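# Reading the structure
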Amino acid sequence: MQSGVQQRDSEGRPIGVDRVVTDARLAAAGDLGAFERLHRATVGRVYGVLRRLVGPEEAEEATQEAYVQAWIRLPDWRGEARFETWLHRVAVNAAVRGRRRAGIRRDHEADHAGTRAPVAPAPGSDERMDLEAALGKLPERAAQVFVLHDAEGWTHAEIGEALGVSAGTSKSQLHRARMLLRETLGDRESQA
Amino acid sequence: MKRCSEIRELLSEYIDGGLGGGAEQSVADHLGACDACRRELEGLRGLLSLARERTHEEPSHDLWPGIEERILGTFERSGRIRTGGRRFDLRFLAGLAAGLALALGWMAWSDGPASPAPEDTLMASYLLLLHESEDTMSGATPDEIESAVAEYTAWAAELAERNLLESAAKLVDFAGWELVMGDEGPTSRPRGRVPGIEGFFVIRAQSDEQALEIARDCPHLGRGGEVELRPIEH
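Just so it is clear, the model here is predicted, and its values are computed rather than measured. Residue positions are given per chain, counting from 1 as you read along its sequence in written order. All chains are assigned letters beginning with A, and all ligands numbers beginning with 1, in the order in which they are written. Reporting in this predicted model follows two pLDDT cut-offs: at least 70 for local features of residues, and 80 or more for side-chain atom pairs to be given and counted; totals over whole chains, interfaces and linings ignore these cut-offs and use all residues. Heavy atoms from the whole structure form the basis of all side-chain values; hydrogens and water molecules are not counted.

## Section: the overall build of chain A
Put simply, the test is: Helix and strand assignments come from DSSP, with helices taken as H or I runs of at least 4 residues and strands as E runs of at least 2, each series counted from the N terminus. Whether two residues are in contact is decided by their heavy atoms: any pair within 4.5 Å suffices. Values of accessible area rely on a 1.4 Å probe in the Shrake-Rupley scheme; residue burial ignores everything except the protein chains shown.
The helix and strand tally for chain A stands at 8 helices and 0 strands. Reading the secondary structure of chain A in the N-to-C direction produces α-α-α-α-α-α-α-α. At a minimum sequence separation of 6, the contacts of chain A that also span at least 24 residues come to 61%. Summed over its atoms, the accessible surface of chain A is roughly 8800 Å², and 50% of this surface lies on carbon and sulfur atoms.

As structure tokens, then:
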């Protein structure tokens, strides 16, 4: 819908007019049934990224909050970004805000050092399970930057904006995360 | 030549292509000569491809009921909700403009906008003609038609909210007449099944560019139809 030129794929179907876009426009106009279809079509990826970001214990709550925020903000979606990209941004921002609030509470309780609850094994390859477990041991900020940059493909500028840090900090946290993950996962390789 | 520990500090940025210049060259030189650092680079690449593996994962239970409950709570406060897409007449876009006028408190044609925006005087009107193509909606199920109409409605509702929509209508399919002036005066004949004009929107815009931008987003384009944009002379 972004271009006035009608583009078609190799089988002659119009490009960019998928079910998700249609449902997003309907939901933006207040159609809750369309929003439920959107949720079902996208929840696997949203839950997947939030699970890595906030850990398995809080992932379901974060996912629900993400969709409530998406519903509220949908009228702002103008189709300038792919719907899924926009949705992930909303989800991540909501999760980071939620973590910040939780972090403040935890600081008061002084029982937390900034890492997340350990990640229980997720379904998938052994390697992926190792990665998820290793992510759970990282300092939270480093883990967030790694997930957003290396799994989600965000730029350091985008990450900096979402996490409230400079692009330079995002870069150095990424380096730190990769080195720590290599250490952890490399150890397992050599044990195997 | 740099030592391995120094090189490894640079590998992360090297892999992202962020080093540039001499630093990049010295890492490349070192990698050419050092198996251990090359293995480290491969390990790093493996980590990144692992991270990029699709992280599709279903929650342990259906999250929708909880989401719906919270949204319905939001609705109590905001009033923005419409279940089933039935706030406007879904069968005919002919009902669209009137529906919008009612829904948004904006009397499109009788009294003009209830509260004209200051920039109104700079606005020009444009006619968006929706040309049908052979396959625009042929073979569509009632559900597909309903969803298509709701898509146009959502698009138009956004325009109306921005005070850029003057009127809109869907023409009746497969009906109408063609009139021509013959030797013995005007003659008319039923319009046959030929691709024609399905409907129109009259929009307002501050410039041709803005009008084009609006027209580019018209759902009609995404459905295989064509859109003609014509400035209306004042």
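The rest of the description comes next.
## Quick look at the nonpolar core
Note the following rule: The definition of a nonpolar core used throughout is a set of buried Ala, Val, Leu, Ile, Met, Phe, Trp, Tyr and Cys residues joined through side-chain atoms within 4.5 Å. Each residue's exposure class comes from its accessible area (1.4 Å probe, protein chains only) as a fraction of the maximum for that residue type: buried when under 20%, exposed when over 50%, partly exposed otherwise.
Phe35, Leu50, Leu74, Phe83, Leu131 and Phe146 of chain A are the most contacted members of the largest nonpolar core, which totals 73 residues. Among the elements that take part in this core, helix 2 (residues 32-54) of chain A stands out by supplying 11 residues, more than any other. Excluding residues within four positions of it along the chain, Phe83 of chain A makes contact with Val20, Ala24, Leu38, Leu74 and Trp77 of chain A. In this structure, Tyr126, Leu130, Trp155 and Cys218 of chain B belong to the second largest nonpolar core, which totals 19 residues.

## Considering helix 7 (residues 156-163) of chain A
Residues and elements named next belong to chain A. Formally: The arc in question is the one traced by the directions running from the helix axis out to the C-beta atoms.
The complete set of buried residues in helix 7 reads His156, Ile159, Gly160, Ala162 and Leu163. Across the axial projection of helix 7, the buried residues extend over an arc of 165°, all falling on one side. The exposed residues of helix 7 that point more than 90 degrees off its buried face are Ala157 and Glu161. Directly after helix 7, the chain includes Gly164, whose backbone phi takes a positive value near 70°.

## Section: the interface of chain B and chain A
Keep this limit in mind: Reported buried area values correspond to the accessible surface (1.4 Å probe) lost by two parts on association, with both partners' losses combined. Just to be clear on terms, a salt bridge is a Lys or Arg side-chain nitrogen sitting within 4 Å of an Asp or Glu carboxyl oxygen. Here a polar contact is taken to be a pair of N or O atoms separated by no more than 3.5 Å, where protein atoms must pair a possible hydrogen donor with a possible acceptor and residues adjacent in sequence count only if both atoms sit in side chains. Charged residues are taken to be Asp, Glu, Lys and Arg, nonpolar residues to be Ala, Val, Leu, Ile, Met, Phe, Trp, Tyr, Cys and Pro, and polar residues to be all remaining types, Gly included.
With 53 residues of chain B at the interface, the matching set in chain A holds 60 residues. With both chains or domains summed, chain B and chain A bury close to 5200 Å², and 55% of this area falls on carbon and sulfur atoms. There are 7 salt bridges connecting chain B and chain A. The partner of Arg70 of chain B in a salt bridge is Glu65 of chain A, and the shortest N-O contact between them spans 3.0 Å. Counting across the chain B and chain A interface gives 15 residue pairs in polar contact (both at pLDDT 80 or more). Elements that contribute at least two residues to the side of chain B that touches chain A include exactly helix 1 (4-15), helix 3 (35-52), helix 4 (64-78), helix 6 (142-161) and helix 8 (219-222) of chain B. A per-element tally of the side of chain B that touches chain A places helix 3 of chain B first, with 9 residues. Partitioning the side of chain B that touches chain A into residue classes produces 18 nonpolar, 14 polar and 21 charged.

## Notes on the pattern of salt bridges
Within this structure, the stated rule accounts for 22 salt bridges over all chains. The salt bridge involving Asp16 of chain B is made with Arg178 of chain A; its shortest N-O contact spans 3.0 Å. Of this pair, Asp16 of chain B sits in the loop between helix 1 and helix 2 (21-33) while Arg178 of chain A is found in helix 8 (residues 167-191), placing the two residues in two different chains. A relative accessible area of 36% means that Asp16 of chain B is categorised as partly exposed. On the basis of relative accessible area, Arg178 of chain A is assigned to the buried category, the value being 0%. A salt bridge links Arg38 of chain B to Asp35 of chain B, with the shortest nitrogen-to-oxygen separation between them at 2.3 Å.

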